[in-house]
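Close look at the chain arrangement
What follows is each chain in one-letter form.
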Amino acid sequence: MKSKGTLLLRLTHVLLTQVLLTPVALAAEYKLEASVDAAWVRASNNAEWMQSWLREGTGITRYDGHNDGLVLSQAMAEGEVDFENAWQLQATVYYYHDGDTRLGLTEAALTYQPLTAGWKHRVRVGAFYPNFSFENPKAGWQSPYTYSFSAINSWVAEELRTIGTEWQITRPGRQYNSNHTFSLVSSVFVANDGAGTLLAWRGWALHNRQTLLGERVAFADYPSISGPLELQPNWVKPFLETDDRIGYYIGGHWRHRRNTELRLYRYDNRGDPLQVDSQGQYAWDTKFWSLSLKHLFTREWRVLAQWMDGSTAMGDSAAVAVDFNAWYLLTSYKYHKHRFSLRYDNFETVDTDNNRYDVNDSHGHAWTLAWRYQPHKYIEMGIEYLYATSWNANRTTPDQPGADAGFDWPQRGSREQWQLVISGVY
């Protein structure tokens with residue numbers, strides 16, 4: 001008998017394949033958006049222990065002294081095919097100069113959105129980002145405000161993707177002579193059992209590196225990953241199905257005219273923390289609340305905010321158990337072709353297990369200031385300054401019997417990161 005998780009994966013694959021092969025695809029409109037970002041990067045505090053987690057360090061920014069100078073930050077292409085029968089196919093490809101995998105998909109989804117006179121329906125199936133936040137509305141799930149995402153959405157970019165189906169039903173205010181529009185969103189998904197790994201050991205981070213589907217993400221080789229945790233390597237594949245259990249999220253959207261919007265979500269991957277595969281990838285039991293706000297004061301001024309609070313656990317008798325929370329506040333001002341944005345992030349993880357050799361408490365905050373300017377249809381430039389400070393208990397770890405010597409690094413570290421970015425946009 002096939003497991004529920006395996007059946008959902010196969011159903012997703014069949015639906016995408018059928019639409020790609022159907023003759024109606026000949027009657028369609030095509031759209032392509034692409035961008036290439038080159039950045040001159042300068043980072044302070046280049047101590048070895050503060051190097052990026054992408055290079056197995058404990059730092060919480062993408063760039064460190066190893067990256068100083070000119071880099072190809074990212075290249076993105078997003079294609080959409082609109083069929084004449086209310087179906088739409090969308091896929092996004094990224095290239096990065098760093099990480100385990102350089103080229104691959106971040107999203108590939110099929111959307112069904114029929115035209116109706118009253119309530120609106122939208123069904124998505126495939127691999128895609130849930131709409132928890134207002135920070136990343138551009139093509140390729142990019143942000144128009146800053147080049148580095150908030151801590152919350154940096155983690156979403158790392159470890160969360162809906163691989164399954166989502167249904168959204170909307171009561172549009174305009175059609176009912178009301179200033180209020182309401183939506184209800186529900187989803188079932190699989191292959192997100194790794195979510196929580198990076199938060200538990202590395203903690204929160206701030207960057208724009210989106211994990212490609214099938215990619216693995218590194219983190220520091222902590223001495224505590226031994227003994228009862230020895231199956232866990234110092235990397236995670238976030239998009240795996242380990243326990244054959246279906247996760248879900250449910251959310252509500254509210255919009256008042258075009259000025260104010262709220263989104264509230266409850267996420268639960270229903271992971272079985274006792275399940276582990278042959279590569280040492282555990283199923284993490286991860287659940288959280290997310291609340292997001294967007295308010296437009298004028299056509300030029302706006303404010304965005306988001307709060308996330310949850311927990312994650314893996315292993316026998318909660319070998320690793322962590323509560324996590326974070327929030328940010330962002331304000332942005334647009335003047336002609338210029339946009340100025342300022343964001344403050346606050347983030348924390350709290351160790352709740354009894355394993356004294358694996359201490360996962362951490363906390364920190366960050367300030368991000370960005371200016372973006374688009375002088376031409378195909379060119380954008382900007383400057384971003386990021387200051388992040390974090391305190392992570394596991395940067396100084398006690399010696400564990402039978403394991404290598406523990407780390408003896410400062411628990412507190414900070415970094416200033418400058419980026420001068422030039423983008424080609426198509």
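Look up a bit, the structure's there.
Below is a short write-up of the structure.

The rules behind these values
- Residues numbered from 1 in each chain as written.
- Predicted model: local features only at pLDDT ≥ 70, side-chain atom pairs only at ≥ 80, totals over all residues.
- Heavy atoms only, no water.
- Helix = DSSP H or I, 4+ residues; strand = E, 2+ residues; numbered from the N terminus.
- Rg over C-alpha atoms; globule rule 2.2 N^0.38 Å.
- Buried < 20%, exposed > 50% of the residue type's maximum accessible area, 1.4 Å probe, protein only.
- Contact = heavy atoms within 4.5 Å.
- Areas by Shrake-Rupley, 256 points an atom, 1.4 Å probe, with all protein chains shown as cover.
- Lys, Arg positive; Asp, Glu negative; His and termini not counted.
- Charge placed at Lys NZ, Arg CZ, Asp CG, Glu CD.
- Salt bridge = Lys/Arg side-chain N within 4 Å of Asp/Glu carboxyl O.

Here the focus is the overall build of the protein chain. Across its full length, the protein chain carries three helices and 18 strands. Taken over the C-alpha trace, the protein chain has a radius of gyration of 22 Å; the compact-globule value for 426 residues is 22 Å, and the two agree within 12%. Dimensions of the protein chain along its principal axes, counting C-alpha atoms only, are 65 × 60 × 40 Å. Counting across all 426 residues of the protein chain, residues that qualify as buried make up 54%. Look at the contacts in the protein chain between residues 6 or more apart in sequence, and 65% of them connect residues 24 or more apart. Taken as a whole, the protein chain presents about 18800 Å² of accessible surface, with 57% of it coming from carbon and sulfur. Here the protein chain contributes 40 positively and 46 negatively charged side chains, and the mean placements of these two sets differ by 11 Å.

Here the focus is the pattern of salt bridges. Tallying each qualifying case throughout the model produces 15 salt bridges. K287 is the salt-bridge partner of D285, the closest N and O atoms lying 3.8 Å from each other. What makes D285 partly exposed here is its relative accessible area of 21%. Judged by relative accessible area, which is 25%, K287 ranks as partly exposed.

Attention shifts here to the side chain of K294. Topologically, K294 is positioned in strand 12 (residues 285-296). The contacts of K294, once residues within four sequence positions are left out, are F134, N259, T260, E261, V303 and L304.

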